[in-house]
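One letter stands for each residue in the lines below.
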Amino acid sequence: MAIKTSKTQWRDVVLVCKKCSKKLKGGGFGPDGDKTLKKALRKYLKAGKGRKAELAVIETACFDVCPKNAVIAVNAAQPKQLLIVPVGADLLEVKARLGLIDHRRVRPELTLVED
């Protein structure tokens, strides 16, 4: 059987530790603190689902770091830097620390209004 390919529109891939996420019963992320890091990032970054999304947030096996009250995440384009994301972390900071700088969701810039 020949090796085949499947196209995606992914620009970024974020891997999140499934084991860390399971240890945090009730999630710990998002505005209400009730979402897993995977779900919070998908919603906050407007990631979409499947191969047509620009961002893939995928749960993966353990990274063997196992922090308390935190989840390990990594941008697949920068595998040398594992991010330890504590419960309740600001998702804007998580986005920046993962190197996800693009137009999916950005903080509005302050504009000066002249009279």
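See the structure above.
Definitions and limits used
- Residues numbered from 1 in each chain as written.
- Predicted model: local features only at pLDDT ≥ 70, side-chain atom pairs only at ≥ 80, totals over all residues.
- Heavy atoms only, no water.
- Pairing = 2+ DSSP bridges.
- Helix = DSSP H or I, 4+ residues; strand = E, 2+ residues; numbered from the N terminus.
- Axes fitted to C-alpha atoms, helices over the stretch in contact; angles between N-to-C directions.
- Contact = heavy atoms within 4.5 Å.
- Buried < 20%, exposed > 50% of the residue type's maximum accessible area, 1.4 Å probe, protein only.

### With respect to the sheet that holds strand S2 (residues 55-60)
- With respect to topology, four strands assemble into an open sheet ordered S2-S1-S3-S4, the strand pairing being mixed. Both outer strands of the open sheet, S2 and strand S4 (83-86), are each paired with one neighbouring strand and no more. Neighbouring strand axes in the sheet, compared pairwise and without regard to direction, differ in orientation by 30° on average.
- Here strand S3 (residues 70-75) pairs with S4 via four bridges, running antiparallel. The partner of isoleucine 72 across the bridge, within S4, is isoleucine 84.
- Sitting on the sheet, helix H2 (residues 37-44) touches strand S1 (12-17), S2, S3 and S4, and the angle it makes with S2 is about 180°.

### Details of unusual backbone geometry
- Although it is not a glycine, aspartate 64 sits at a positive phi angle of roughly 65°.
- Mapped onto the elements of the fold, aspartate 64 is located in the loop between S2 and S3.
- On the accessibility criterion, aspartate 64 (68% relative accessible area) is exposed.
- A positive phi is found at cysteine 66, a non-glycine position, where the angle reads about 50°.
- Considering the arrangement of structural elements, one finds cysteine 66 in the loop between S2 and S3.
- Residue cysteine 66 is classed as partly exposed on the basis of its relative accessible area, which comes to 33%.

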